[in-house]
Amino acid sequence: MWNFEEFVRAAGVTVDELAAYVAESQAGAVPVIRRRPPGELAERLGLARWIREGGMTAEAYREFLRGYLAEGTRMHHPAYLGHQIAAPDFPAALGDFVHGAANNPMAVYEMGASAATVEFEVLRWMLDTVGFGEAGGGVLTHGGSLANLTALLAARAAAAPGAWTDGVPGDLALLAPASAHYSLSRAAAILGLGERAVMPLDVDGLGRVDVARLPDALERVREAGRRPMALVANACATGTGLYDDLRGIGEFCAAADVWFHVDGAHGASALLAAEHRHLLDGIELADSLIWDAHKMLRTSSLAAAVLTRREGDLDAAFQQRASYLFYGEQGFDLIGRTVECSKAELGLKIFLNLAWRGERGLGEHVARRYATAHRFWELARERPGFECPYEPESNIVCFRYGTGDPVDVRERLMADGAFQLTSAEIGGARHLRVTVMAPATDDKTLEALLDRIAELGNPRIQEGR
Ligand SMILES: *Cc1c(COP(=O)(O)O)cnc(C)c1O
């Protein structure tokens, strides 16, 4: 049984250390990442000894936790401009803590009535926000990749209802732009369609779906002797942060009777920001949609929603019956809609952020990060040598500087832990890529990044050092 005195002491240590860690990260006075090799890190943290001997105490844990946090990646740091992972807000962190202790794996209602009800109400809120309303259905999964797989499973059930029992017919196709997230082609392979069933949609120079050429794509599918299982649009695309024309694509899909899947993992949260909502115009035409909370809704990883316009479509995705689980006398057993069996209390962390900040507060978070990214674009454009292939629509910006190799520049920026950013390919050319996730990122950060890149890319300055 728990030793409460020890628990309270250790929890206090956790709170103190986390508060200091986030404060120090937000202030940006420490490296955003350290890149110690794993062997050295394991040694430093004493992992082998702790694993073999145990015996940690609250005080030893404080030391361990400090080292552990210091060697990780600091999402709250102003110079964290890397992958699309949230700097979580503390209400969501409390939700994780509560789950860690109470552990109600609420895929079946009787294993966590309050957790299941919270998830259900969070989903109702998401369905209303998207415009699916009462008729829609949803479920939370551990991440966007699993959410995409689940949505496509629903699409497969609609296109080939016998696939669950008889296996997958060989003529299904998934239409998607090459800019779609890799989890979609993975899903096609996992679902038994095979990667070759993924047929590319025509795109513009920035990877956005060319609506006028959708009929040609459908024609190619038919000529190949296939039928479309689903057509995918980005809202927004991972690489560029640009949104596809959801209304144009949605209207085409409705007319052609093709399942329309919107990957809103990153960008669906812009629905909460009045000045950006237009980017998702037409989203209500989607048959299925995914929306990650651990990107722009400031929860920890992972919490993603799968939403369908018709609730029955999601219920058709999994046709398995396990008699010991599915009796459904009371409440709702969301287990019928997920790959997972037991599942974390994912709704709680989204709920607590909403309860604390309101949808308005979360919308402001989105709008501010989008504005900071736009500001970066403005600053970069003013400087000689910087090239930005497009005006950003979200908190993701791609750019190049001079003739330097972006991969090399990125390595050098990260080497001393001053900045973390990524790179992406646009029209065959590699670009540096900035994603503004942390509220601490400001003009000073952006100017410092531009200075540093200009310095790295300019051989004359380097020789003079
Ligand atoms: C991040 C992302 C995913 C994958 O989500 P995970 O939660 O990381 O599995 C899928 N699609 C898009 C557009 C994304 O940005």
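Given the structure is predicted, the values throughout are model-derived calculations rather than measurements.

(A) Geometry of the packing of aromatic side chains. If you walk through the whole model with that rule in mind, you get 9 aromatic pairs. Pairing W164 with F318 gives two aromatic rings, centres 6.0 Å apart and planes at 75°, and the pair type is edge-to-face. You can see W164 sitting in helix α8 (residues 163-166) and its partner F318 sitting in the loop between α13 (311-315) and α14 (346-382), a full 154 residues away along the chain. Overall, F318 belongs to the buried group, its relative accessible area being 12%. An angle of 45° between the planes, with centres 4.6 Å apart, marks the rings of F386 and Y401 as tilted. Of this pair, F386 sits in strand β9 (residues 386-387) while Y401 sits in strand β10 (residues 396-401), placing them 15 residues apart in sequence. Site record: aromatic cluster; members linked through ring pairs are F376, F386, F399 and Y401. A cation sits over an aromatic face here: R49 above W50, 4.9 Å from the ring centre. Lying across the ring of W377, R381 places its NZ or CZ 4.0 Å from the centre.

(B) View of the domain arrangement of the chain. Each assigned domain of the chain is listed with its residue range as follows: domain 1 (1-30 + 34-69), domain 2 (98-353) and domain 3 (358-463). Using only C-alpha atoms to locate each centre, domain 1 and domain 3 end up separated by 32 Å.

(C) A look at the sheet that holds β10. Sheet architecture is open: 5 strands sit in the order β1-β11-β12-β10-β9, paired in mixed fashion. Strands with a single pairing partner mark the edges of an open sheet, and in this sheet they are β1 (80-81) and β9. When β10 meets strand β12 (residues 429-435), the two strands line up antiparallel, connected through 4 bridges. When the bridges of β12 are listed, F399 appears paired with L432. Helix-sheet contacts for helix α16 (residues 443-457) involve β1, β9, β10 and β12, and the interaxial angle to β10 is about 30°.

(D) Looking closely at the environment of H431. Among the secondary structure elements, H431 is positioned in strand β12. It is 15 Å that separates the C-alpha atoms of H431 and R412, two residues lying 19 residues apart in sequence. Once residues lying within four places of it in the same chain are set aside, the contact partners of H431 are P389, C398, F399, R400, P406, T422, S423, A424 and I426.

(E) Local environment of the side chain of H266. Along the chain, H266 falls in the loop between β6 (260-263) and β7 (288-292). Owing to a relative accessible area of 2%, H266 belongs among the buried residues under this scheme. Side-chain polar atoms of H266 contact the side chain of N395, separated by 2.7 Å.

(F) Geometry of the side chain of R298. Along the chain, R298 falls in the loop between α12 (293-296) and β8 (304-308). Classification of R298 by relative accessible area gives buried; the value is 14%. With sequence-adjacent residues up to four places away left out, R298 is seen in contact with A86, A87, P88, D89, A92, A293, N353, H365 and P439.

(G) Molecular detail of the environment of A158. Take A158: it is sitting in helix α7 (residues 144-159). Taking relative accessible area as the criterion, A158 reaches 46% and is therefore assigned partly exposed.

Cut-offs applied
Residues numbered from 1 in each chain as written. Predicted model: local features only at pLDDT ≥ 70, side-chain atom pairs only at ≥ 80, totals over all residues. Heavy atoms only, no water. Phe/Tyr/Trp six-rings, centres within 6.5 Å; stacked < 30°, edge-to-face > 60°. Helix = DSSP H or I, 4+ residues; strand = E, 2+ residues; numbered from the N terminus. Buried < 20%, exposed > 50% of the residue type's maximum accessible area, 1.4 Å probe, protein only. Lys NZ or Arg CZ within 6 Å of the ring centre and 35° of its normal. Domains from an automatic or database assignment. Pairing = 2+ DSSP bridges. Contact = heavy atoms within 4.5 Å. Axes fitted to C-alpha atoms, helices over the stretch in contact; angles between N-to-C directions. Polar contact = N/O pair within 3.5 Å; in protein donor to acceptor, adjacent residues only side chain to side chain.

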